[in-house]
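# Breakdown of the fold
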Amino acid sequence: MSLIVMKFGGTSVANEERIRKVADRLIEHKKAGDQVIAVVSAMGKSTDDFVNLAHNINPDPPRREMDVLMSAGEQISMAILAMAVEAKGYKAMSFTGSQAGIVTDVEYSKAKIREIKADRIFYALNKGYIVIVAGFQGVTKSGDITTLGRGGSDTTAVAVAAATGADLCEIYTDVEGVYTADPRICPRAKRLDVINYEDMLELSDSGSGVLQSRSVEFARNFGVVIHCRSAFSDKPGTLVKEVSDMESAVITGIAYDNSEAKVTLRDVPDRPGIAAQLFASVASVGANVDMIVQNVSENGMTDMSFTTPLKDLPLVKDLLDKLVADLGARSYLIDKSISKISIVGAGMKTNPGIAAKMFSVLAENGINITLISTSSIRLSVVIDGSLTEKAVQCLHTAFGLDSDTVFEETQLSSEELAAKAKKGR
Ligand code: ADP
Ligand code: ASP
Ligand code: MG
């Protein structure tokens with residue numbers, strides 16, 4: 001008898017038919033004698049709808065109330081799925097994050113799981129129930145509802161798998177696993193049989209939304225092997241686990257992120273303390289900063305650019321006029337149509353010349369780079385957002401990642417595809 005955690009994303013539970021299919025999958029394992037815990041996301045794009053609703057009512061919704069609202073979608077799917085299982089003659093019991101004992105800190109909208117008190121989960125499992133846990137949510141010590149950041153149901157699944165000592169953690173989604181690039185913008189992307197935690201973490205951090213980066217961090221820290229696979233087929237997907245460096249490809253995958261904006265301060269006096277003053281102000285309003293670049297100074301003046309999430313831009317915007325005056329800069333510019341393209345691979349550590357190759361491939365394709373950043377296993381460049389697909393595809397080909405077959409979408413409706421295409425923008 002195994003204990004299995006199976007997580008189903010929004011597309012996988014988007015309608016009645018898909019929910020019944022999920023119920024069948026859970027029952028199949030139950031019949032085989034396994035103990036089953038399902039973790040579910042909100043149906044379809046209902047979380048996006050909640051965000052829009054909230055902002056129509058209040059452009060600056062209170063963060064606590066926002067989490068109460070955002071957590072509602074998962075509560076609907078968990079109950080409906082439990083009903084679908086019961087309708088098929090099996091016992092199911094659903095739990096909200098709070099009922100499942102998922103205790104978090106108080107950082108609304110990006111809370112971190114501190115502890116899982118899994119007693120009620122074990123009680124229900126031992127009574128023979130299929131347990132269904134709402135993804136993406138937890139509760140603070142004082143009883144307030146929190147959410148774990150967009151895509152957070154992945155993290156719920158991995159954390160529950162770690163806390164219950166599950167034998168398997170399966171993440172069911174709408175593609176057949178982790179690919180060398182998002183197959184929706186790079187049709188020649190290849191599904192990977194296996195990827196190590198380090199590469200997966202870097203891909204997720206760089207924008208590959210297939211697994212939330214916190215879930216990968218959790219999996220690495222607690223040694224949980226993730227099997228990321230399709231909810232629409234029985235084909236094996238991708239294993240995310242520890243793999244020795246020896247087996248790592250030079251470049252494992254390519255990610256893009258179009259959820260950031262670039263802010264440039266023109267003609268800032270180039271003297272000690274300026275960067276500290278600038279970034280202390282940005283931090284003070286709670287805006288995140290990703291990449292930073294300072295140009296060579298001319299006549300004691302320099303340009304400074306940084307990228308910040310589009311969602312944090314309003315906070316930064318409010319600061320900019322004052323900052324320009326305080327720092328003695330000339331002006332500022334905001335570019336919202338940028339894209340960050342990252343190539344990732346643990347093999348990069350031991351293979352020189354990767355940066356030169358990336359830059360020359362982009363140059364040959366007429367793609368201009370405005371910012372660059374690196375880690376030991378990642379190279380990222382900022383380019384014009386309209387060139388995202390072209391950049392990912394030409395790098396994918398140049399680094400020998402192209403598959404012989406072309407990705408074909410078979411399950412999603414045109415509406416769902418359009419919603420996916422808008423993600424992150
Ligand atoms: P779910 O609702 O199941 O959590 P997500 O939309 O969060 O699904 O993640 C799946 C999507 O991630 C895919 O539809 C795909 O477009 C996108 N994606 C981005 N990068 C990758 C990648 N490297 N491999 C697979 N999918 C990717
Ligand atoms: N429903 C949440 C979201 O859309 C969490 C998730 O799907 O993982 O971000
Ligand atoms: Mg997701």
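Our subject in this report is the structure included herewith.

Calculation criteria
- Residues numbered from 1 in each chain as written.
- Chains lettered and ligands numbered in written order.
- Predicted model: local features only at pLDDT ≥ 70, side-chain atom pairs only at ≥ 80, totals over all residues.
- Heavy atoms only, no water.
- Core = buried A, V, L, I, M, F, W, Y, C linked by side-chain atoms within 4.5 Å.
- Buried < 20%, exposed > 50% of the residue type's maximum accessible area, 1.4 Å probe, protein only.
- Helix = DSSP H or I, 4+ residues; strand = E, 2+ residues; numbered from the N terminus.
- Contact = heavy atoms within 4.5 Å.
- Near = heavy atom within 4 Å.
- Polar contact = N/O pair within 3.5 Å; in protein donor to acceptor, adjacent residues only side chain to side chain.
- Areas by Shrake-Rupley, 256 points an atom, 1.4 Å probe, with all protein chains shown as cover.
- Nonpolar A, V, L, I, M, F, W, Y, C, P; charged D, E, K, R; others polar.
- Pairing = 2+ DSSP bridges.
- Axes fitted to C-alpha atoms, helices over the stretch in contact; angles between N-to-C directions.
- Phe/Tyr/Trp six-rings, centres within 6.5 Å; stacked < 30°, edge-to-face > 60°.

### Digging into the nonpolar core
I37, I121 and L211 are the most contacted members of the largest nonpolar core, which has 42 residues in total. Broken down by element, this core gets its largest block of residues, five residues, from helix α6 (residues 153-164). Once residues within four sequence positions are removed from consideration, L211 is found in contact with D154, I171, V178, M200, S204, V216, I226, C228 and V240. Formed by 27 residues, the second largest nonpolar core is a distinct cluster that contains I185, I367, I383 and F399.

### Some details on the site of ligand 2
Neighbouring ligand 2 are S41, A42, T47, E74, F136, R150, G151, G152 and S153. G152 is positioned such that a nitrogen or oxygen atom in its backbone is 3.4 Å from an oxygen atom of ligand 2. S153 places a main-chain nitrogen or oxygen 3.0 Å from an oxygen atom of ligand 2. Protein burial of ligand 2: of its 260 Å² of free accessible surface, 86% is covered by the chains. Looking at the shell around ligand 2, its residues break down into two nonpolar, five polar and two charged.

### Describing the sheet that holds strand β15 (residues 292-294)
Strand order in the open sheet formed by four strands is β15-β16-β14-β17, and the pairing between neighbours is antiparallel. The open sheet has two edge strands with one neighbour each: β15 and β17 (331-335). Across the sheet, the mean angle separating the axes of adjacent strands is 15° when strand polarity is ignored. The pairing of strand β14 (residues 260-269) with β17 spans five bridges and is antiparallel. Note on β17: the bridge partner recorded for L265 is Y332. Strands in contact with helix α10 (residues 313-327) are β14, β16 (301-309) and β17; relative to β14, the strand with the most contacts, it is inclined by about 5°.

### Here's the deal with the packing of aromatic side chains
Applying the stated criterion to the full structure yields four aromatic pairs. When the ring of F8 is compared with that of Y172, the centres are 4.8 Å apart and the planes differ by 10°; the resulting orientation is stacked. In this pair, F8 sits in strand β1 (residues 3-8) while Y172 sits in strand β9 (residues 168-173), placing the two residues 164 residues apart along the sequence. Y172 carries the same exposure label as F8, and that label is buried.

### Digging into the pairing of strand β19 (residues 371-375)
Sheet analysis places β19 next to strand β20 (residues 378-384), joined by five bridges and oriented antiparallel. Residue T374 lies in a different strand from β20, and its bridge partner there is L379. As consecutive antiparallel partners, β19 and β20 are separated by two residues.

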